[in-house]
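A closer look at the structure
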Amino acid sequence: MNILAFESSCDETAVAVVRDGRQVLSDAILSQADMHALYGGVVPEIASRKHVEAIAGLTDQALAEAGVGRSDIDAVAVTYGPGLIGALLVGVNFAKSAACALGKPLIPVHHLRGHIAANYIAFPELEPPFLALCISGGNTMLVDVRDYTDMSILGSTRDDAAGECFDKIARVLGLPYPGGKPMELLAEGGDDHRYPLPRAKVAGNDLDMSFSGLKTAAVNLVHNAQQKGEKLDLPGLAASFSAAVSEMLVPRVMAAARSRDYGKVAVAGGVAANSRIRADLTAACQRMVTVELRVHQGCCLVINVAHNRQHFQIALFSGEGVQGTLGEVVIKTVLMLRLIKMKIPRIRLILRMCFQPGGILMHHLRNPRHAALLIRINHQAHGFQKREGHHLL
């Protein structure tokens, strides 16, 4: 199936021909970034007018580059929102006209679902379910992707989007629009601890985010320095700001990933290009090792370990060997111990023996060094906590 697709939600006009939802035959784009840079941000009326001027020519270009004719098109797709209303109307009306003229079905596409679906093109092997982080100039949210069209929002920003904050701070610092790339270049070599900036938490949902306080703190820092005639460490400020955004995003992504137990995290949207966020997310996924010690009635200690996408079941003392398959993120290790003789120091000694590089369990982990350093043992006050007939360390 060949789909003729249109996008005009903001300041870029794009027309593509996509085959079977995975193969991009052509992608014609006209960016207005240089024009809007004169104003420090997107001017909606100008954006809409430029879409009108560009969309017909880009359609002819996309068809020619794909090597297909109008008769080869099986459906027409278009972004219907969210976005700038005037800009969206240009794309929607042109797509409706094209679908009507060709006698083909029209497929309305939600902007953020399109961001998520772009991962299917970049990674053809990707299949639901997985967790998606959408970070762009207008939206920031965590999405539970249960199936291709079955999604739900787990958490989102209560105010500003992460990308909007980068653009705003870049503008205050005199950097060009869009501000994401200039901020990243400025942050290179900067001290990300140079300026203490807030990391907000919001009530009601641990996965929700708020960036307005961070943006205001950074803007006030710049304005106060200008009023006092003080010189700012601009690379340090850019690095500190990027670190603050990343540290509000990454822990929530990991918490959501653990809650859903999918073993896959996808990132979508323009802010996903930020190298600090990408590096922190990559490192967090690589070291996502959790250990839960649970003593069941009487005789055995079960250690559940989640690490990347491997699944093993190991009985260290029973001689059962290793069982398990890839796909689930659980390693189950059963240590046969008598509950009456179990003491906290002894458990810690056993864990040191098991998780040291080259140890029995470590042989089955992809990154023994990270696992050995980053295992977190859930415990309270270094002792046992009684809970429903068993003990939790």
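Residues numbered from 1 in each chain as written. Predicted model: local features only at pLDDT ≥ 70, side-chain atom pairs only at ≥ 80, totals over all residues. Heavy atoms only, no water.

A look at helix α4 (residues 111-122)
Look at α4: 17 Å from first C-alpha to last across twelve residues, which is about the 16 Å you get at 1.5 Å a residue. The inward-facing, buried residues of α4 contact β4 (75-81), β5 (106-110), β6 (130-135), β7 (140-145), β8 (151-156) and β9 (265-268). (Helix = DSSP H or I, 4+ residues; strand = E, 2+ residues; numbered from the N terminus. Expected span 1.5 Å × (residues − 1). Contact = heavy atoms within 4.5 Å.)

Thoughts on the sheet that holds β6
Spatial strand order, β8-β7-β6-β9: four strands in an open sheet with mixed pairing. The outermost strands of the open sheet, each flanked by one partner alone, are β8 and β9. The average angle at which neighbouring strand axes cross in this sheet is 25°, direction not considered. Pairing analysis gives five bridges linking β7 to β8, with the strands arranged antiparallel. Directly across from Asp 144, in β8, lies its bridge partner Ser 152. (Pairing = 2+ DSSP bridges. Axes fitted to C-alpha atoms, helices over the stretch in contact; angles between N-to-C directions.)

Structural notes on helix α7 (residues 212-228)
Because each turn of an α-helix spans 3.6 residues, side chains separated by three or four positions in sequence point in the same direction. In this model, α7 (17 residues) spans 24 Å end to end at C-alpha, consistent with the 24 Å of a helix rising 1.5 Å per residue. Elements in contact with the buried residues of α7: α5 (162-172) and α8 (234-260). One or two positions beyond α7, positive phi appears at Gly 229, with a value near 75°.

So, the packing of aromatic side chains
Going through the model one piece at a time under the given rule, you end up with four aromatic pairs. Both rings, one in Phe 6 and one in Phe 94, keep their centres 5.4 Å apart while their planes meet at 65°; by these two values the pair is edge-to-face. One end of the pair, Phe 6, is in strand β1 (residues 2-7); the other, Phe 94, is in helix α3 (residues 85-102), with 88 residues separating them in the sequence. Residue Phe 6 is classed as buried on the basis of its relative accessible area, which comes to 3%. For Phe 94, a relative accessible area of 25% gives the class partly exposed. Ring geometry for Phe 166 and Phe 241: centres 5.4 Å apart, planes at 85°, overall edge-to-face. With Phe 166 in helix α5 and Phe 241 in helix α8, the pair connects residues that are 75 residues apart, well separated along the chain. Each residue in the set Tyr 120, Phe 130 and Tyr 148 is aromatic and connected to the rest through ring pairs, giving one cluster. (Phe/Tyr/Trp six-rings, centres within 6.5 Å; stacked < 30°, edge-to-face > 60°. Buried < 20%, exposed > 50% of the residue type's maximum accessible area, 1.4 Å probe, protein only.)

Quick notes on the environment of Leu 142
As for its position among the elements, Leu 142 is in strand β7. Of the residues examined, Leu 142 reaches a relative accessible area of 1% and is grouped as buried. Expressed as a C-alpha distance, the spacing of Leu 142 and Asp 208, which sit 66 residues apart in the sequence, is 8.5 Å. Contact partners of Leu 142, with chain neighbours within four places excluded, come to Leu 131, Ala 132, Leu 133, Ser 152, Ile 153, Leu 154, Gly 155, Leu 207, Arg 252, Val 253 and Ala 256.

Here's the deal with the pattern of salt bridges
As enumerated under the stated definition, the model contains 14 salt bridges in all. A salt bridge links Asp 192 to Arg 276, with the shortest nitrogen-to-oxygen separation between them at 2.9 Å. Here the residue Asp 192 occupies a position in the loop between α6 (180-187) and α7, and Arg 276 occupies one in helix α9 (residues 275-286), the gap between them amounting to 84 residues. The class of Arg 276 is partly exposed, set by a relative accessible area of 24%. (Salt bridge = Lys/Arg side-chain N within 4 Å of Asp/Glu carboxyl O.)

A few points about the pairing of β5
The pairing of β4 with β5 spans five bridges and is parallel. The residue bridging Val 78 from the neighbouring strand is Pro 108, located in β5. Handedness of the crossover joining β4 and β5 through α3: right-handed. (Right-handed = clockwise from strand over helix to strand, strands pointing away.)

Focus on unusual backbone geometry
Across the junction of Gly 81 and Pro 82, the peptide omega takes the value -5°, indicating a cis bond. Of note, Pro 82 is situated in the loop between β4 and α3. With an omega of 5°, the peptide bond running from Pro 128 to Pro 129 counts as cis. Tracing the sequence through the fold places Pro 129 in the loop between α4 and β6. For Asp 20, which is not glycine, the phi dihedral falls at a positive 60°. The topology assignment puts Asp 20 in the loop between β2 (12-19) and β3 (23-31). Positive phi is not limited to glycine here, since Asp 261 has a value of about 60°. By the secondary structure assignment, Asp 261 is in the loop between α8 and β9. Classification of Asp 261 by relative accessible area gives partly exposed; the value is 43%.

From the geometry alone we can't say anything about function, so treat these as descriptive.
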